[in-house]
Amino acid sequence: MSRSWYILHTYTGYEGKIERTIRSLLEKKEIDSDVVLDVKVPVEEITETKDGKKKTRKNNFLPGYVMIEMDLPEIGWKTTCSQLRRIQGVTGFVGTNPNVRPVPISTAEAKNLLQRSGVIKGEKPVYTRQMFSVGDTVKITDGAFASFSGTIKEINLEKERLSVDVQIFGRPTPVEVTFSQVEKG
């Protein structure tokens, strides 16, 4: 037996309920805690700036899926897997039929998902969502041009950067800033 992460397919919106149900079954000893080791709903924190106010919220980045760490035995795996499949809202394990032993995800995939959700330390990306469009007026709040206002001329979503024309000595001057350095003005 070896510890591996598996993906359980669920109805969208049932992820948290299924996680709580599995944890409850483990506490009641209805599921063997030596087989089912952990359960996680992959969520990430997203910071949104809207109307100049920063709000942080949790976003389920894999809707309809729950990660489950198991040490699945060679003999008797069907019992545990069928108990998990019988939970209301669970449709099965990703990539397998009900009569076939579930296939774990790779270690790299599991590490990536756990890092993204902040469960394990590492390069956890911070996602910032801004509601900008070309032509909007913004105020620069950080950096060398803090307190300047300007007009957005270009948006680079991949790099989360803006090209903003600010008035310096009476002339429009393009300035590169990140999303987090500006707010709508």
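Structural data are supplied above this passage.
Residues numbered from 1 in each chain as written. Predicted model: local features only at pLDDT ≥ 70, side-chain atom pairs only at ≥ 80, totals over all residues. Heavy atoms only, no water.

**Q** Help me out: how do you make sense of the sheet that holds strand S8 (residues 137–140) in this one?
**A** In a beta sheet, neighbouring strands are held together by backbone hydrogen bonds and run either parallel or antiparallel to one another. Reading across the sheet, the 5 strands line up as S11-S10-S9-S8-S12 and stay open at both edges, with antiparallel pairing between neighbours. Lying at the two open borders of the sheet, with one neighbouring strand each, are strand S11 (171–178) and strand S12 (182–184). Strand after strand, the sheet turns through a mean of 45° between neighbouring axes, direction not considered. (Pairing = 2+ DSSP bridges. Helix = DSSP H or I, 4+ residues; strand = E, 2+ residues; numbered from the N terminus. Axes fitted to C-alpha atoms, helices over the stretch in contact; angles between N-to-C directions.)

**Q** Explain the pattern of salt bridges here, please?
**A** If charged atoms from side chains of opposite charge come close, those side chains can pair. The full count for this structure, using the stated rule, is 8 salt bridges. For Arg-3, the salt bridge is made with Glu-69, and the minimal N-O distance between the two is 3.3 Å. Highlighted residues: Arg-3 in the segment before strand S1 (4–10) and Glu-69 in strand S5 (residues 65–70), separated in sequence by 66 residues. Looking at Arg-3, the relative accessible area reads 55%, which means it is exposed. By sharing partners, the salt bridges in this structure join Glu-19, Arg-23, Asp-38 and Lys-40 into a single network. (Salt bridge = Lys/Arg side-chain N within 4 Å of Asp/Glu carboxyl O. Buried < 20%, exposed > 50% of the residue type's maximum accessible area, 1.4 Å probe, protein only.)

**Q** What am I meant to see in the pairing of strand S10 (residues 161–168) here?
**A** For a regular strand, side chains alternate in direction, first toward one face of the sheet and then toward the other. Strand direction decides the pairing type here: strand S9 (residues 149–156) and S10, joined by 6 bridges, are antiparallel. The residue of S10 that forms the bridge with Ile-155 is Leu-162. Between S9 and S10, which pair antiparallel in sequence order, lie 4 residues; one of them, Glu-160, sits at a positive phi of approximately 55°. Across 8 bridges, S10 lies against S11 in antiparallel orientation. Opposite Arg-161, over in S11, you have Thr-178 as the bridge partner. Where S10 folds back on S11, the antiparallel hairpin that results is connected by 2 residues, among which Phe-169 adopts a positive phi of roughly 55°.

**Q** Explanation requested: unusual backbone geometry in the structure shown.
**A** A negative phi angle is the norm for most residues apart from glycine, just as the trans form is the norm for most peptide bonds. Positive phi, close to 65°, is recorded for Lys-29, a residue that is not glycine. The phi angle at Ser-147 is positive, at roughly 80°, despite the residue not being glycine. Note on placement: Ser-147 falls in the loop between S8 and S9.

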